[in-house]
Protein chains: 2
Amino acid sequence: MDRIKRNERLGAMTRLITEDPNRIHTLSEFCELFGSAKSTISEDIDLIAESLEHFDLGRLETVAGAAGGVRYRPMMSAEKARRTLEDVAAKLSEPGRLLPGGFLYTSDVSSDPRVTEALGEILASKFYDRQPDLVLTMETKGIPLALMTARALNVPLVIARRDSKAYEGSAVKINYISGGDSGRIETMALSRRAVKPGQRALIVDDFMKGGGTLQGMVEMMAEFQAEVVGIGVMIATMTPETKRCAGAKALLMFRSADRESGACEVVPSADFSE
Amino acid sequence: MDRIKRNERLGAMTRLITEDPNRIHTLSEFCELFGSAKSTISEDIDLIAESLEHFDLGRLETVAGAAGGVRYRPMMSAEKARRTLEDVAAKLSEPGRLLPGGFLYTSDVSSDPRVTEALGEILASKFYDRQPDLVLTMETKGIPLALMTARALNVPLVIARRDSKAYEGSAVKINYISGGDSGRIETMALSRRAVKPGQRALIVDDFMKGGGTLQGMVEMMAEFQAEVVGIGVMIATMTPETKRCAGAKALLMFRSADRESGACEVVPSADFSE
């Protein structure tokens, strides 16, 4: 095999490390792939780490010990996170998004691959130290953000359904009280095999008004004897101030809507932009 | 500003290009960021392109013209795609996945960020030349694969619902015939503002048995005067051989299930592994 020069390694190595966030790559992996000595690979990694850090593109962290190696976390500076959230907030504040009933049209944003990837990385960065084993969401609109958060954390995504399906196998089905003023009783189902006792769950959803659905997910995790280690949402409404579910962190706040003009205001939440 | 050396640029440049598949980056973008001449940046790009190509990590393509620049497509070799599909097929053929009624439990795989990212890249690679403007799926289980396909193509994801929702605004609602033997009439709704006339849609779903849901999405696109430029699914069943929807390409085939032993066989489809 031809000797691979540093200039010819750095591109491939950067791609391999960054496409697989929060997974530990051993130095031996790269030594074998590139036919290089550990000291050489170690220098490569330092160069990539500096380059990513310098341009605010995330962190390469060295993990010591027998299972050690190097791990990429797409964590951005508070400044870059704030700018990202401001861009999304501006998009959601565009005229014409207010729908009959005071609802905000968010579907184009909440299913955009680029937007959800960036927001998922911001969300994940708050919860790395809680070491979740899985991300849980409830169908449908929260799935893209939850998937991208799970991607950044390198854990599986688990999707609760409104009803149990034959192709999900035996399921746990619970009733919960929806967050609206009406407080309707709703059902939520989750495949028995999706979560194991003792697992640590990060709950993610796209929108929190009353917090009923999130609280339903918290109760679902109790049924599975799983631990909820965090709750994150894309947008939370200012009212009602008291949510059925405590402790949720929001990326954005839906502050107000002028039903007459159709104007609405979404702003970055203090949970992530400070 | 300090002069940034090549070794210090390559990591950041690789990350910037590869995190944003199928988007054209102009050379000026990088000249400005790194304070380097165009010829220098151009050499950097050649180095990264060779490095990615050498290790089967996707293609950097130069796009000529006024809107020109460089674009990354995460296209892998046929050999690597085949290995990826074989790995997923092996996982889906594990004992214990067969559910009552002959259904296959796939939810853990179909919502796995790593698996859907790899499958989405394989799916996208078949459709770059069809230049889709959007990816369409129907809730729920196809969303992760559809999102990752949209990510690789750099287009929005659009999600059809079983019913219209107040927070989706005015919607088009159609009836379609589900693929099962029963041929039940089902409904599908899609927000009016989600698709524009003349747009090119790539339809993606997780599972095709009779093809009824896919055909429903084809008919939905006709309602929007949008053009369907391709149809891709994660798994197709061997039977029924004739699907309600023609021309779908499958990544994997669900070949057989032995209800007595609970064993089932999923294999890479010839659509993508040849």
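Definitions and limits used
Residues numbered from 1 in each chain as written. Chains lettered and ligands numbered in written order. Predicted model: local features only at pLDDT ≥ 70, side-chain atom pairs only at ≥ 80, totals over all residues. Heavy atoms only, no water. Pairing = 2+ DSSP bridges. Helix = DSSP H or I, 4+ residues; strand = E, 2+ residues; numbered from the N terminus. Axes fitted to C-alpha atoms, helices over the stretch in contact; angles between N-to-C directions. Left-handed = near helix turned anticlockwise from the far one by under 90°. Contact = heavy atoms within 4.5 Å. Nonpolar A, V, L, I, M, F, W, Y, C, P; charged D, E, K, R; others polar. Salt bridge = Lys/Arg side-chain N within 4 Å of Asp/Glu carboxyl O. Buried < 20%, exposed > 50% of the residue type's maximum accessible area, 1.4 Å probe, protein only. Least-squares fit on C-alpha atoms with pLDDT ≥ 70 in both. Buried area = accessible area lost by both parts, 1.4 Å probe. Polar contact = N/O pair within 3.5 Å; in protein donor to acceptor, adjacent residues only side chain to side chain. Parallel < 35°, antiparallel > 145°, perpendicular 65-115°, else oblique. Phe/Tyr/Trp six-rings, centres within 6.5 Å; stacked < 30°, edge-to-face > 60°.

A. Focus on the sheet that holds strand β4 (residues 157–160) of chain B. Residues and elements named next belong to chain B. Within the open sheet, the 6 strands sit side by side as β4-β3-β7-β8-β9-β10. Their pairing is mixed. The sheet is open, and its two edges are formed by β4 and β10 (263–268), each paired on a single side. Mean inter-strand twist for the sheet, computed between neighbouring axes without regard to direction, equals 25°. Looking at chain direction, strand β7 (residues 200–208) and strand β8 (residues 227–237) are connected through 8 bridges and run parallel. For Ile 203, the partnering residue across the bridge sits in β8 and is Ile 231.

B. Fine view of the packing of helix α1 (residues 6–18) of chain A against helix α3 (residues 38–54) of chain B. In contact at an axis separation of 7 Å, α1 of chain A and α3 of chain B are set at 65° when each is read in the N-to-C sense. The chirality of how α1 of chain A crosses α3 of chain B is right-handed. Here Asn 7, Glu 8, Arg 9, Gly 11, Ala 12 and Arg 15 of chain A of α1 of chain A come into contact with α3 of chain B, specifically with Leu 47, Ser 51 and Leu 52 of chain B. When its residues are assigned to classes, the contact of α1 of chain A with α3 of chain B shows 3 nonpolar, 3 polar and 3 charged.

C. Inspection of the pattern of salt bridges at higher detail. All names here are of chain B. In the structure shown here, the tally under the stated rule is 54 salt bridges over all chains. Across the salt bridge formed by Arg 82 and Glu 79, the nearest N and O atoms sit 2.9 Å from each other. With Arg 82 and Glu 79 both in helix α4 (residues 78–92) and 3 residues apart, the pair spans about one turn of that helix. Given a relative accessible area of 27%, Arg 82 falls into the partly exposed group. Residue class for Glu 79 comes out partly exposed when judged on its relative accessible area of 40%. A salt bridge links Glu 117 to Arg 151; its shortest N-O distance comes to 3.7 Å. Of this pair, Glu 117 sits in helix α6 (residues 113–127) while Arg 151 sits in helix α7 (residues 143–153), and the two are 34 residues apart along the sequence.

D. Focus on the relation of the copies chain B and chain A. Superposing chain B onto chain A takes a rotation of 180° plus a shift of 0.0 Å along the axis, which leaves an RMSD of 0.0 Å. The operation mapping one copy onto its partner corresponds to a two-fold rotation axis. In this assembly the copies share their binding face: 100% of the residues contributing to the interface of chain B also contribute to that of chain A.

E. How the structure looks around the environment of Gln 131 of chain B. Residue and element names in this part refer to chain B. One can find Gln 131 in the loop between α6 and β3 (134–138). Residue classification places Gln 131 among the exposed positions, given a relative accessible area of 57%. Separated by 24 residues in sequence, Gln 131 and Val 155 place their C-alpha atoms 9.6 Å apart.

F. Structural context of the interface of chain B and chain A. Taken together, the contacts link 62 residues of chain B with 62 residues of chain A. Of the roughly 5,100 Å² buried at the junction of chain B and chain A (both faces included), carbon and sulfur atoms supply 59%. Remark: the boundary between chain B and chain A carries 6 salt bridges. The partner of Arg 15 of chain A in a salt bridge is Glu 121 of chain B, and the shortest N-O contact between them spans 3.6 Å. The interface formed by chain B and chain A holds 20 residue pairs in polar contact (both at pLDDT 80 or more) in total. Take the side of chain B that touches chain A: its biggest share by element is 11 residues, from helix α1 (residues 6–18) of chain B. For the side of chain B that touches chain A, the residue count by class is 30 nonpolar, 14 polar and 18 charged.

G. How the structure looks around the sheet that holds strand β4 (residues 157–160) of chain A. All names here are of chain A. Read across the open sheet, the 6 strands follow the order β4-β3-β7-β8-β9-β10; overall the sheet is mixed. Strands with a single pairing partner mark the edges of an open sheet, and in this sheet they are β4 and β10 (263–268). On average, each strand axis in the sheet is inclined to that of its neighbour by 25°, with strand direction left out of account. Bridge count for strand β3 (residues 134–138) against strand β7 (residues 200–208) is 3 bridges, and the pairing is parallel. What sits directly across from Val 135, in β7, is Leu 202.

H. Representation of the packing of helix α6 (residues 113–127) of chain A against helix α7 (residues 143–153) of chain A in the model. Residue and element names in this part refer to chain A. At their nearest, the axes of α6 and α7 sit 7 Å apart, and the two run at 55° to each other. Considering the angle they form, α6 stands oblique to α7. Note on packing geometry: the crossing formed by α6 with α7 is right-handed. Residues Pro 113, Thr 116, Glu 117, Leu 119, Gly 120, Glu 121, Leu 123, Ala 124 and Phe 127 of α6 touch α7, and the partners they reach there are Pro 144, Leu 145, Met 148, Thr 149, Arg 151, Ala 152 and Leu 153. Of the residues belonging to the contact of α6 with α7, the class tally is 10 nonpolar, 3 polar and 3 charged.

I. Seen up close, the packing of aromatic side chains. Under the definition given, this model contains 6 aromatic pairs over all chains. Plain terms: the ring middles of Phe 30 of chain A and Phe 34 of chain A are 6.3 Å apart, the flat faces sit at 20° to each other, and that makes the pair stacked. Here Phe 34 of chain A and Phe 30 of chain A lie together in helix α2 (residues 27–34), a separation of 4 residues that amounts to about one turn. The structure contains a cluster of three or more aromatic residues connected by ring pairs, namely Phe 30 and Phe 34 of chain A together with Phe 55 of chain B.

J. Representation of unusual backbone geometry. Residues and elements named next belong to chain A. Residue Glu 139 is joined to Thr 140 through a cis peptide bond whose omega torsion reads 10°. Of note in this structure, Asp 56 is not a glycine but carries a positive phi near 60°. Note on placement: Asp 56 falls in the loop between α3 (38–54) and β1 (59–63). Notably, Gln 225 is not glycine yet its phi reads approximately 55°, a positive angle. Relative to the helices and strands, Gln 225 is located in the loop between α8 (212–223) and β8 (227–237). The exposure class of Gln 225 is exposed, given its relative accessible area of 60%.

These values are about where atoms sit, not about what they do.
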